Amino acid sequence: MKTLKLFACAVLLTTAFSCKKTETPVTPVTPAPTVTSFAPATGIAGDKITVTGTGFTNATKVTFGGTDAASFTVKDATTIEAVLATGSATGKVAVTTPAGSGSSSSDFTFFGVGSRFDVRGVITTNTTWKKDFVYRLRGYVYVTNNVTLTIEAGTKIVSNKDSAGVLIVTPDSKIIAEGTATAPIVFTSAETTPASGDFGGVVIAGNAKWNGNHIVMEGGLDVKYQSFGGNNDADNSGVLKYVRIEYAGKAVNPGDEVNGLSLYAVGSGTTIDYVQISRGYDDALEIFGGAVNLKHIVCYNSADDDFDFDDGYRGMIQYAISFRDPAFTDPKGTTGDVSNNFEVDNVNPSNGFTLSRAPITFPVMSNFTAVGPNNAAGTSADYGWGMRWRRGAKFVLANSVVIGAQREAFRVQEDSSISYFLNGSSSLYNSYIHDQANKFAVSDKYSASSAPYTIPNFPTYDLTTIRDKYKSTKTNEVTDVTTLGLTDPFKVAAPNLNPKAGSILLSGGDFTPTLLTNAFFDKVTFVGAIGTTDWTAGWTKWGL
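Because the structure is a prediction, the values reported are computed rather than measured.

Caption draft 1: Summary view of the overall build of the protein. When its secondary structure is counted, the protein shows three helices and 41 strands. Relative to its length of 544 residues, the protein is extended, with a C-alpha radius of gyration of 35 Å against a globular reference of 24 Å. C-alpha extents for the protein along the principal axes are approximately 165 × 50 × 45 Å. Counting all 544 residues of the protein, 54% fall into the buried class. Taking all contacts inside the protein whose residues are at least 6 apart in sequence as the whole, residues at least 24 apart take part in 67%. Of the roughly 22,300 Å² that the protein leaves accessible, carbon and sulfur atoms contribute 53%. Computed over 44 positive and 50 negative side-chain charges, the separation of the two mean positions in the protein equals 10 Å.

Caption draft 2: Summary view of helix H2 (residues 415-422). H2 sits mainly inside the fold: seven of its eight residues count as buried. Ser-416, Ser-417, Ile-418, Ser-419, Tyr-420, Phe-421 and Leu-422 are the residues of H2 that are buried. Looking at the buried positions of H2, the neighbouring elements they touch are strand E30 (387-389), strand E33 (410-412), strand E34 (427-429), strand E36 (441-443), strand E38 (460-461) and helix H3 (463-472). Looking one or two residues beyond H2, the residue adopting positive phi is Gly-424, at roughly 90°.

Caption draft 3: Here's a closer look at the sheet that holds strand E8 (residues 91-97). Ordered by their spatial adjacency, five strands build an open sheet running E2-E9-E8-E4-E5, and the pairing between neighbours is mixed. The sheet is open, and its two edges are formed by strand E2 (42-43) and strand E5 (67-68), each paired on a single side. Both E2 and strand E9 (residues 100-110) contribute to a ladder of two bridges, which runs parallel. Along E9, the bridge assignment pairs Thr-42 with Thr-109.

Caption draft 4: Up close: the pattern of salt bridges. The full count for this structure, using the stated rule, is 24 salt bridges. In this structure, the salt-bridge partner of Asp-325 is Arg-279, at a minimum N-O distance of 3.0 Å. Placement of Asp-325 in the loop between strand E27 (316-323) and strand E28 (342-344) and of Arg-279 in the loop between strand E23 (271-278) and strand E24 (285-288) is noted, with a sequence separation of 46 residues between them. Per residue, the accessibility class of Asp-325 equals that of Arg-279, and both read buried. Ionic contacts of the salt-bridge type, sharing partners, join the residues Asp-337, Glu-343, Asp-345, Arg-388, Arg-390 and Arg-391 into one network.

Caption draft 5: Spotlight on the packing of aromatic side chains. Counted under the stated rule, the structure contains 32 aromatic pairs. A ring pair is formed by Phe-342 and Trp-389, whose centres lie 5.6 Å apart and whose planes are at 35°; its orientation type is tilted. In this pair, Phe-342 is assigned in strand E28 and Trp-389 in strand E30, connecting sequence segments 47 residues apart. Each member of the aromatic cluster is reached from another via a ring pair, and the members are Phe-307, Phe-309, Tyr-313, Phe-342, Phe-368, Trp-389, Phe-395, Phe-410, Phe-421 and Tyr-470. For the cation-ring pair, Lys-394 lies above Tyr-420, with the distance from its terminal atom to the ring centre recorded as 4.8 Å. Lying across the ring of Trp-385, Arg-411 places its NZ or CZ 4.3 Å from the centre.

Caption draft 6: Spotlight on the sheet that holds strand E3 (residues 48-54). One open sheet accounts for four strands, arranged E1-E3-E7-E6; its pairing is antiparallel. In the strand order of this sheet, the two ends are held by strand E1 (34-39) and strand E6 (71-76), each with one partner. Neighbouring strand axes in the sheet, compared pairwise and without regard to direction, differ in orientation by 25° on average. Direction of pairing for E3 relative to strand E7 (residues 79-83): antiparallel, over a ladder of five bridges. Looking across to E7, one finds that Thr-50 is bridged to Glu-81.

Caption draft 7: Molecular detail of the pairing of strand E18 (residues 201-205). Counting buried positions over the five residues of E18 gives five, a clear majority of the element. Burial of the side chains of E18 extends over both faces: Gly-201, Val-203 and Ala-205 are buried on one face and Val-202 and Ile-204 on the other. For strand E15 (residues 166-169) and E18, the ladder comprises four bridges, and the chain directions are parallel. In the strand pairing of E18, Val-169 is matched with Ile-204. Judged from the four bridges that link them, E18 and strand E22 (residues 261-264) form a sheet pairing that is parallel. The residue bridging Val-203 from the neighbouring strand is Ser-262, located in E22.

Caption draft 8: Region of interest: the side chain of Ser-262. Following the sequence through the fold, Ser-262 ends up in strand E22. Residues within four places of Ser-262 in sequence aside, it is in contact with Val-202, Val-203, Ile-204, Glu-286 and Phe-288.

Caption draft 9: How the structure looks around unusual backbone geometry. A cis geometry characterises the amide bond from Ala-39 onward to Pro-40, with omega recorded as -5°. Residue position: Pro-40 is located in the loop between E1 and E2. Put simply, Ala-358 and Pro-359 share a cis peptide bond, and its omega is -5°. Summarising the element assignment, Pro-359 is placed in the loop between E28 and strand E29 (364-371). Even without glycine at this site, Asn-399 takes up a positive phi of about 50°. Mapping Asn-399 onto the fold places it in the loop between strand E31 (396-398) and strand E32 (401-405). In this structure, Asn-438 takes a positive phi of about 55° despite not being glycine. In this fold, Asn-438 is placed in the loop between strand E35 (432-435) and E36.

Conventions used here
- Residues numbered from 1 in each chain as written.
- Predicted model: local features only at pLDDT ≥ 70, side-chain atom pairs only at ≥ 80, totals over all residues.
- Heavy atoms only, no water.
- Helix = DSSP H or I, 4+ residues; strand = E, 2+ residues; numbered from the N terminus.
- Rg over C-alpha atoms; globule rule 2.2 N^0.38 Å.
- Buried < 20%, exposed > 50% of the residue type's maximum accessible area, 1.4 Å probe, protein only.
- Contact = heavy atoms within 4.5 Å.
- Areas by Shrake-Rupley, 256 points an atom, 1.4 Å probe, with all protein chains shown as cover.
- Lys, Arg positive; Asp, Glu negative; His and termini not counted.
- Charge placed at Lys NZ, Arg CZ, Asp CG, Glu CD.
- Pairing = 2+ DSSP bridges.
- Salt bridge = Lys/Arg side-chain N within 4 Å of Asp/Glu carboxyl O.
- Phe/Tyr/Trp six-rings, centres within 6.5 Å; stacked < 30°, edge-to-face > 60°.
- Lys NZ or Arg CZ within 6 Å of the ring centre and 35° of its normal.
- Axes fitted to C-alpha atoms, helices over the stretch in contact; angles between N-to-C directions.

Below you can see the structure in the form of structure tokens.
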């Protein structure tokens, strides 16, 4: 009986062990990724976006608005850096892994080609404006904090009349705006029907010397950014090359305006070449002190002066055009002011300064063509002279053509400026001048009843003396403009300032005077702005 019980127990034990179930190991389930945030929240093709969340370790795809990223790097399980592809779209940011997909709760905003960005306030970090986009300036925009604003070739910068945006590059900061002949950079109006004053203007300020005639920049700028000037005539404020500035000009108060292009104490390290300023409401180009050099400048159909220099400007300029729309000047009120091709001062005596305040304004210029209204039908009564040298300024203008002045082609005024001209410190050299009335020259110290007139420290002179002086330096008075052989110099919508074959302007260029031997000047053989090659072709715009 005991044996039977033992056998039964053995059977039961054996059965118990043989019936035990074998358990299969369970593989952990990997959760799908989650996207909790991304930064920045907007971007353009090529921008790097940081995506944060969970479960990113084995990510196989990152999309923005359903479009794959151009590339991405998994930094860790919670961070991905992705590069936006061309053709990305606004929408959710999604990450895909073998475990599934997760997307953001908010949309990422993608700016495609042609998108417009509104720009306002202060730029304090290095910034690039790209050719694929349009940048609209809203009011005054300041480049500060020693940073550089780079503008790609072909970029368009616009403004509406309600804010008349102004771009100001402050001292120590830079602008690198380098277009090409086929892809110029354009500052212009955003209005359907553009007009002068829609765009405020471009202002560049540097650390070069000036004479203090202006203590702060004009145009109603923020007081924090009004200062300019220093002691470094070689200062570098950047590059403007193949640039158009259209429909500019912003009058804040009488005599307090923003010009098309304003240069305040800009140094010779700056490059300004191939720039057109068109249909501006005040001056086209005003240079306040400094020593910046310029080439290939076009001032077209602006309201006040085209080349306005003061505050001790001492740079060199070669190849420049001034063209006037006979019917277009800015309102002068009761100021007695007039619009000129050139207006060159040292200081304004009303500021309490002597005309000899140093440094003295002394531009040295060659190869200009300046065209006045020529008394065309509808010519504004506010037109003045071809050249107005005054208030203690010196000058050299050589190898140039000044035609169609409404009043005299050449005006020199105030004792010191007259003296500089008569003693040879200033010079109108190897040029052709013409005005619509064949008067040629005037001095504010001369009148029929007071001639001859004596200026301090210089012999008696009259207008014959002045005219004889520039004739002695190879300048010719022209009574018939057609003898110069310009193609179509007075056509407002599309002036053609190219010399015809056989024109007397195609020869006779002369750089003998010492100031013209500087290596800055190309020693060309022609007189006027253009020779046999039209450097305005392709990048300029006429008819504005």
